[in-house]
Amino acid sequence: MEEVCDGKDFSFPRQEEEILKLWERIDAFKTQLHLTENKPEYVFYDGPPFATGLPHYGHILAGTIKDIVTRYQSMNGRHVTRRFGWDCHGVPVEHEIDKKLGITTRDQVLQMGIDRYNEECRSIVTMYVAEWEKVVTRVGRWIDFRNDYKTMDPNYMESLWWVFSQLWEKGLVYRGFKVTPYSSGLKTALSNFEAGLDYRDVSDPAIMVSFPLIGDPHGGALVAWTTTPWTLPSNLALCINANLTYVKARDKTSGSVYIVAESRLSQLPSKKPKGGAADGVESSKISTSKSKEAANEKPRKGADAGQYEVLEKIQGTSLLGLKYVPLFDYFSDYSDVAFKVVGDSYVTDDSGTGVVHCAPAFGEDDYRVCIASNIIQKDVNLVVAVDSDGCFTERIVDFKGRYVKDADKDIITAVKAKGRLVSSGSMVHSYPFCWRSGTPLLYRAVPSWFIAVENIKEKLIECNKQTYWVPDYVKEKRFHNWLENARDWAVSRSRFWGTPLPIWISEDGQEIVIIDSISKLEKLSGVKVTDLHRHKIDHITIPSSRGPSYGTLRRVEDVFDCWFESGSMPYAYIHYPFENVALFENNFPGHFVAEGLDQTRGWFYTLMVLSTALFGKPAFQNLICNGLVLAEDGKKMSKSLRNFPPPMEVIDEYGADALRLYIVNSPVVHGEPMRFKKEGTFGVVKDVFLPWYNAYRFLVQNAKRLEIEGLAPFVPVDISKLQLSTNVLDQWINSATESLVQFVRREMDAYRLYTVVPYLLKFINNLTNIYVRFNRKRLKGRTGEEDCRVSLSTLYHVLLNTCKVMAPFTPFFTEVLFQNLRKVVNGSEESIHYCSYPTALGKREERIEQSVSRMMTIIDLGRNIRERHNKPIKTPLREMIVVHPSTDFLEDITGKLKEYVVEELNIRSVVPCNDPLKYAGLRAEPNFNALGKRLGKSMGAVAKEVKSMSQADILAFEGSGESIFCGHTLKLGDIKVLREFKRPVDVKENEIDKEDNNFSSQISTLELYSNC
């Protein structure tokens, strides 16, 4: 082995850079794959990130988790293919091009040409690939960037077509309308997840509108309340709750008759005296909390409910089916089926007026209720009177071409002119905005192709039960609840840069062909196909199978939701079923996935939906779900706020291994948030790596010393011979190393990465502060050459095994040590990552581990007493008395471990005592936390009896394990037995001191006598 520098001169980042050069020189990753190519497969699915942004701590965290698990599996004899993937399609890419080219409307894209637009998108997809590769490689992650997969590759896209065709054949695809959060800035629907990314406090109109019932004898009108006046021109129904009681009330001032829920009568406005609002319309200012739907908003309370005379109470059921006078005549062609009262339980009487105006094109519940009431049909085109830019269409003649939010005021004016405005005001609430364009979101029905997820909901829940998650509560609660409420999935998007839907439809809509492969498209169309993007295939037509007179079939314009693309990753990244059939079918479900908590509603969900629909199986077996990495102040990391250190800055200062261990040893690995502190990374260097390095350096120094002294070079003694060592510390450290291997294996097999670092920290501390410290004489050769070589060999094998155990966690540092350690052994692997992971041999000496632990406890207690009295270790003390009821305990301390205790504490003699009462008095106290609720009023009497227990009573109680007090049986956990030190009468106070520690519910008392 070569000499090594002092710890203070060892640069972790610089050494890591050297290891990167070594790995590149020996082509380490590919070599590892080659060495395991005939081993059983371990299939890992890597979720594809967008390459249009730079990697951050969240990516580093997920990448580290993936790297640790896959390295571990590789060292355990599994072949683990690791290919990086890129999410290439979707809104993020298009939005970048829109900003670059100044595009604000869909028509501008069509004018410039989809071909040019898509090629612009293609040109930026790999914008930051080089930066990603640099950061990922520097963090130590082994993954293939050369043989990566991209969702824009023809092979990947072809597999998507196959997936969709299978869903079609299973009857799980249909065309309908979906009311979704819609971005007029991007001209596309957004997922609910995306809609929740940017809420802002805004002021919106809040109005009450009357809807006169046709034929009502009192001229009564239902009153609805809304914060979206722009939806009123599309009103087709009023929804009430049939189980509620409504009242018909006459305004004593104006004579108007209104119908609202009985409990909402007070919400009707009171009239102001002359000089107030004109035309009997009250103005109000309303401030409320976040809300999206007017039906559940709370307008301000009416000033005087007594202003209204209740004419009659009406059961909700009697209102159903009644017709009312439309507010506008834009949908007069629906008069036969629309403009009637319908019922649904989503209407409540704790907000609004108990009456909801329904515009089915602009509300999810509105759409559902109107279908259920046969006002519109699910399989018939829905009239959506707002275009893709958020402007009214020609059907709304009075406001056509107007952006809907800008038209609110004029619509209110029109309602007022019709005499239908009951009250007008405004409210401040939290409203969703497009996280990309910054424009207000609209809830708008868009034509879409759906996967009928609700049809397979029970199968989804069953498949979820077959998976293993860390942490399990995310699976059992968050994900399970999401599956229970699963809705049909709209998988199409009216966009340009994406995988086109493989649906060709005839001009009359009667013939539909689903294309499941490139070859099928080429065969049916006669056109050679090399690229599946819109501008390469939209022109391709398919002759009708019914004959030339029926014309041709053309592809629908939509592309897939990018979540459909990423959810198809297990099949598409290996081009299944066109290639790798055996590889996929023999290894599905995959063994492992890992991403952040937000993916429970994203990638984890789409993986589960598609695998369940296709195969009736989950997509994965094991999953690690990490939490969010926050800034030190607990806020979201923000480049603009600069509230976090750049990742490369931390790596350049402390090294990637320190960053890896820091984030893995945190709550974030089991689904909880983590506040990132740069000092935490330094703490790992100080508490883990430097002690570890110093133990390694001590080995190298003393191994080299043998040569300097003219002795044979150091060659480690075979581990089988070392197992026969009679030295207690050799036996202990060998057993402790075995415990380390067993523990890490158990935790890694259970995917509990976060438990490993604390155990390692304790092990390294014991290695340096017990084995190396107490064995200095042996390691330095002062007890003879043979004993020296045995102790050095023991330390060598311990360090070597520790490096192998920790190689998946700290790939750089373990490689640094291994490259030097391997030089004294012939035939060693070229890299530590080619080594087999240590196996648990079962040769633990638990009794010895316990004995050494007891010894260290006694030593720590003795050090505490010395420090308390400012007695340095160099000052010898006459005697130490160890008091403990266990004979085994006392034999450990006064037997073969005695020499270490005496030397470490500088004590002349160690005296055992197994009679705790000789130096301690006993006192009993009730455990109020355990007994309070259980005993209730009897607590006082029981407590009194417990406190009056004699020492004999207490000993008897401890011996039997239970006793009866005032008719109540109390067990060991119900009573606290306190031992209080008592000084012998013949010893002065300044001659003795004590320190206590708990051992198996007994108190060990340590007395140190001074040398006075």
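Residues numbered from 1 in each chain as written. Predicted model: local features only at pLDDT ≥ 70, side-chain atom pairs only at ≥ 80, totals over all residues. Heavy atoms only, no water.

Colleague: Where do I start with the sheet that holds strand β25 (residues 620-626) in this structure?
Modeller: Pairing is parallel in the open sheet, where three strands are placed in the order β16-β25-β24. The open sheet terminates on both sides in strands that have one partner only, identified here as β16 (468-470) and β24 (590-596). Pairs of neighbouring strands in the sheet enclose a mean axial angle of 15°, with direction left out of account. Where β24 and β25 come together, six bridges link them in parallel fashion. The residue of β25 that forms the bridge with Val 593 is Leu 623. On the sheet, helix α13 (residues 472-484) packs against β16 and β25 and is oriented at approximately 105° with respect to β16. Along the sheet face, helix α19 (residues 603-615) touches β16, β24 and β25 and points at about 150° away from the line of β24. (Pairing = 2+ DSSP bridges. Helix = DSSP H or I, 4+ residues; strand = E, 2+ residues; numbered from the N terminus. Axes fitted to C-alpha atoms, helices over the stretch in contact; angles between N-to-C directions. Contact = heavy atoms within 4.5 Å.)

Colleague: Sorry if this is basic, but what is going on with the nonpolar core here?
Modeller: As a rule of thumb, soluble globular proteins bury nonpolar side chains together. Phe 676, Trp 692, Leu 753 and Met 855 are the most contacted members of the largest nonpolar core, which has 125 residues in total. The greatest single-element share of this core, amounting to 13 residues, is contributed by helix α22 (residues 678-708). In terms of nonpolar packing, the next biggest core, distinct from the first, is built from 69 residues, Ala 452, Trp 504, Val 513 and Phe 604 among them. (Core = buried A, V, L, I, M, F, W, Y, C linked by side-chain atoms within 4.5 Å. Buried < 20%, exposed > 50% of the residue type's maximum accessible area, 1.4 Å probe, protein only.)

Colleague: Where do I start with helix α29 (residues 846-868) in this structure?
Modeller: Given 3.6 residues to a turn, an α-helix orients residues that are three or four positions apart in the same direction. In this model α29 runs 33 Å from its N-terminal to its C-terminal C-alpha over 23 residues, within 8% of the 33 Å that 1.5 Å per residue would give. Asn 870 lies just past α29 and shows a positive phi near 55°. (Expected span 1.5 Å × (residues − 1).)

Colleague: Quick question: what am I supposed to make of the sheet that holds strand β12 (residues 340-343) here?
Modeller: Pairing between the strands of a sheet comes from backbone hydrogen bonds, and it takes one of two forms, parallel or antiparallel. Spatially, the three strands line up as an open sheet ordered β12-β7-β13, and their pairing is mixed. Both edges of this open sheet fall to β12 and β13 (356-358), since each of them pairs with a single strand only. Going from strand to strand, the sheet's axes swing by 35° on average, the running direction of each strand aside. Of the strand pairs in this sheet, strand β7 (residues 237-240) and β12 are connected by four bridges, and their pairing is parallel. Considered in β12, the bridge of Leu 238 is made with Val 341.

Colleague: Explain the pairing of strand β14 (residues 421-432) here, please?
Modeller: Within a regular strand, side chains alternate between the sheet's two faces. β14 sits mainly inside the fold: eleven of its twelve residues count as buried. Across eleven bridges, the pairing between strand β5 (residues 199-212) and β14 is antiparallel. Bridge pairing in β14 places Ile 207 opposite Ser 424.

Colleague: Is there a simple way to explain the confidence of the model for the protein chain in this structure?
Modeller: Where the model shows low pLDDT, its predicted coordinates should not be examined in detail. In this model, the protein chain carries an average pLDDT of 89, and 93% of its residues clear a pLDDT of 70 or more. Mean pLDDT across the elements of the protein chain ranges from a minimum in strand β10 (residues 282-287), with 38, to a maximum in helix α8 (residues 154-169), with 98. Taken together, the stretch residues 273-304 has pLDDT below 50 and engages in 81 contacts with residues farther than four places along the chain or on a different chain. Across residues 998-1006, confidence stays below pLDDT 50; counting only partners more than four residues off in sequence or on other chains, it has 40 contacts. (pLDDT = per-residue confidence, 0-100.)

Colleague: Would you take a moment to explain unusual backbone geometry for this structure?
Modeller: Trans is the prevailing form of peptide bonds, just as negative phi is the prevailing case for residues other than glycine. Cis peptide bonds are those with omega within 30 degrees of zero, and the linkage from Tyr 576 to Pro 577 qualifies with 5°. Of note, Pro 577 is situated in the loop between α17 (569-572) and α18 (581-585). Each neighbour pair has its own omega, and for Phe 588 with Pro 589 the value is 5°, a cis peptide bond. When you line up the elements, Pro 589 lands in the loop between α18 and β24. In this model, Tyr 751 sits at a positive phi of 60°, which is unusual for a non-glycine residue. Turning to its location among the elements, Tyr 751 is positioned in the loop between α24 (728-749) and α25 (756-774). Judged by relative accessible area, which is 6%, Tyr 751 ranks as buried. A positive phi angle is found at Cys 966, which is not glycine, with a value near 50°. On the secondary structure map, Cys 966 appears in the loop between β31 (962-965) and β32 (968-971). Cys 966 sits in the partly exposed class, given a relative accessible area of 39%.

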